[in-house]
Structures are given as C-alpha cells and as structure tokens.
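# Architecture at a glance
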Amino acid sequence: MSGEGKVVCVTGAAGYISSWTVKLLLRRGYTIRGTLIPIAIQTFSCDTTTDRKKTKHLLRLDGAKERLKFFRADLLEEGSFDSVVNGCDGVFHMASPAVLIDLAVKGTLNVLKSCAKAKSIRRVVLASLMAAVAFTRQPATADDLLHKTWFSVPSKTLAEKAAWKFAKENGLDLVTTNAGCIFGPPLQPTTNFSVGIILDLFKGPTYPNGYVIYFDVRDVANAHIQAFEIASASGRYCLVDSSPHFSDSIKIIRELFPNLKLAEKCVDAEHDELWPALNVSKEKAKGLGIKFTPLEVSLKNAVERLKEMSCIN
C-alpha cells in the first residue's frame, strides 16, 4: 500500500521506535501529524532536550518539510487530540510511558476517545511491549510458549487492556504490537531503556546473567506500518526475533569493535539467570511479512550510532 494522499497521526513522534516509524512512513508517502510527550519520560539523555532538539532529527528526514507537522496535545486532557486526529486515516499511538500508570492508561484512553469521534480513522495501532506479555504473576519460563493471550506489567498491561475494552465497546479497529528488548541505531539524540542496556555493557566490569528477548527497532517500525496497511491484520503481534544471553551480545560487540572496553565477566554466573530464555511464538508476526534483522547487524549499527553520539568512547 502506498501512503500517498493518506494522513496519519503518530503520538510521541520523537521517541526511539516512533522516530523510525515516522521515517518509514515518510518514505512510503504518508503525511504525518506528530505529537510530543511534554517531558523526557524514561529517557537517558546524552544531552538536554527541548522541543526543538527533540524534533530536529525528524525535520531533517526526506519528505519532512512537505509532509510532517507537529501539534501540541496533552495526554491527560480529554479532547486534546480531537483536532489532531480528525481527518486522519490512522493513528499510531506510541506515547504510552512504561513507568507511569496514570499517564499510560488515561493517555491511551484519551487518544482512543478522540479517534472514536473521528469518522475518518480506519485503524489504530497501539505500541505495547513484550513486558506486558512475558511477566505474569507466575513468571514465564523457557517451557512456556508466549503468544497473544498473555498479559502483565502494570502500565503497559493496564493501558492495553483498557484500549481493548474501549475498542470493543466503541467499534474501533485496534491492532497492538508487543515488542521485546529493542536494539538498533537511535535516530533521536537521546537514548532510552533498551539502548541503555547496550550502554551498560560498556560501563562496568560485569554484565547480567540473563537473556533478552530481542527485536530490531527498524523491524518494529516496519511492523507498525504493516499492521496498519494489511487489511487482515488484527489482534496482538508479539515481536521477538531471538533470546540471546548477554554473553552473546558481549561476544558480538567485542568481535566487531575490538578496541572498545566491555564488561569482562558475568555477574553471579553460578546462580540462575536473572532473565530466563523465553520461547516466543513468531507465527503471527510472520504474517506481517517482516524480514528479521540479524542481532549482529543491529548491535553493530547501534554501537556505531552511540559512538557518533559520544555515548561510547
């Protein structure tokens, strides 16, 4: 599907995943209405940020001058998104913080309420996390096959559950993506939790004894767009490529960048893993036609970008 002539809204447009989503949407010809989260929530900044700094990397993208505009909207104010989403063909809701329950739940519902009023909207794509799937009251283990029916983790779980309830009651076409630990190069001049995991490998003598459920940021962005464009897309999509141990990532980075100083040993290696390897079903996600980026490529691109940002010396 071409995006020419179509208008979409991307909330939290300057974030890690959303920046790549904006870039790919522009590449496909979409006109984008972006909103920003008013404060740097869950951001580990290499530099202080203002609205101008938050959007500078996006305004430099091909097509941005003609087809990207930013709007102010308050997640906690009902009706604040009415004028932003009115006339849009779709909405990518990505401004749902993982650590603030009230903002995540109320913000998601306020965006959806505005979407329900706008008769032009064909579908809403909600960005959630595998953290809302994998960690239940009985923690998932390697013996569990994680799929679209699992729920957990307070803010993302509650926001997603509230979204599904509202969508069902109001006839709103909703699709959610649940990504794992996301690696790859950030477009924005700040780092987030997932990229912070990579940075931590350079900061101490030890690395965690655990596994990460990995997916590349560019593949996540593409999955969002495919989830919007493919008419048959529905429900939840668990986005995980593999579950490498931290030692695997250390080995890959050391081979690619032998001159960089990395953690040397695994902390508490004699005990059980901090995060177990998880078996995540890929079957539904394959229906979006995604080509998974290898971990080696994702880590290489991420480290190169972090060096450019002076986050790694």
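Our subject is the structure that appears above.
First things first, this report covers the structure right here in the doc. This structure is a prediction, so every number in the text was calculated from the model and none was measured.

### A look at the packing of helix H10 (residues 246-256) against helix H12 (residues 295-308)
Packed helix pairs are specified by the crossing angle of their axes together with the interaxial distance, meaning the distance between the axes. Axis separation between H10 and H12 bottoms out at 10 Å; the angle between their running directions is 60 degrees. The pairing of H10 with H12 is recorded here as oblique in orientation. Judged by the sense of rotation from one axis to the other, the crossing of H10 with H12 is right-handed. Touching Ser249, Ile252, Ile253 and Leu256 of H10 are Leu295, Glu296, Leu299, Lys300 and Val303, all from H12.

### Quick look at the nonpolar core
In this structure, Val22, Ile32, Phe183, Ile198, Phe202, Leu239 and Ile253 are the most contacted members of the largest nonpolar core, which totals 67 residues. Residues Leu103, Cys115, Ile121 and Ala167 belong to the second largest nonpolar core, which totals 23 residues.

### Concerning the pairing of strand S2 (residues 31-35)
Most of S2 sits out of view: 4 of its 5 residues are buried. Examined bridge by bridge, strand S1 (residues 7-10) and S2 share 4 bridges and lie parallel to one another. Within the sheet, the bridge partner assigned to Val8 lies in S2 and is Ile32. The parallel pair S1 and S2, bridged by helix H1 (residues 16-27), forms a crossover whose chirality is right-handed. Both S2 and strand S4 (residues 68-71) contribute to a ladder of 4 bridges, which runs parallel. Within the sheet, the bridge partner assigned to Thr35 lies in S4 and is Phe71.

### What about the pairing of strand S6 (residues 123-129)?
In terms of burial, S6 is a largely internal element, 6 of the 7 residues being buried. With 6 bridges connecting them, S6 and strand S8 (residues 174-179) associate as parallel partners. Residue Leu126 lies in a different strand from S8, and its bridge partner there is Thr176.

### Some remarks on H10
Regarding H10, the residues found buried are Phe246, Ser249, Ile250, Ile252 and Ile253. The arc that holds the buried residues of H10, viewed along the axis, is 165 degrees, so those residues lie on one side. In H10, the exposed residues that point more than 90 degrees away from the buried face are Lys251 and Glu255. Contacts made by the buried residues of H10 are with strand S9 (181-183), helix H8 (193-200), strand S11 (206-207) and H12.

The rules we used
- Residues numbered from 1 in each chain as written.
- Predicted model: local features only at pLDDT ≥ 70, side-chain atom pairs only at ≥ 80, totals over all residues.
- Heavy atoms only, no water.
- Axes fitted to C-alpha atoms, helices over the stretch in contact; angles between N-to-C directions.
- Helix = DSSP H or I, 4+ residues; strand = E, 2+ residues; numbered from the N terminus.
- Parallel < 35°, antiparallel > 145°, perpendicular 65-115°, else oblique.
- Left-handed = near helix turned anticlockwise from the far one by under 90°.
- Contact = heavy atoms within 4.5 Å.
- Core = buried A, V, L, I, M, F, W, Y, C linked by side-chain atoms within 4.5 Å.
- Buried < 20%, exposed > 50% of the residue type's maximum accessible area, 1.4 Å probe, protein only.
- Pairing = 2+ DSSP bridges.
- Right-handed = clockwise from strand over helix to strand, strands pointing away.
- Arc of directions from axis to C-beta.

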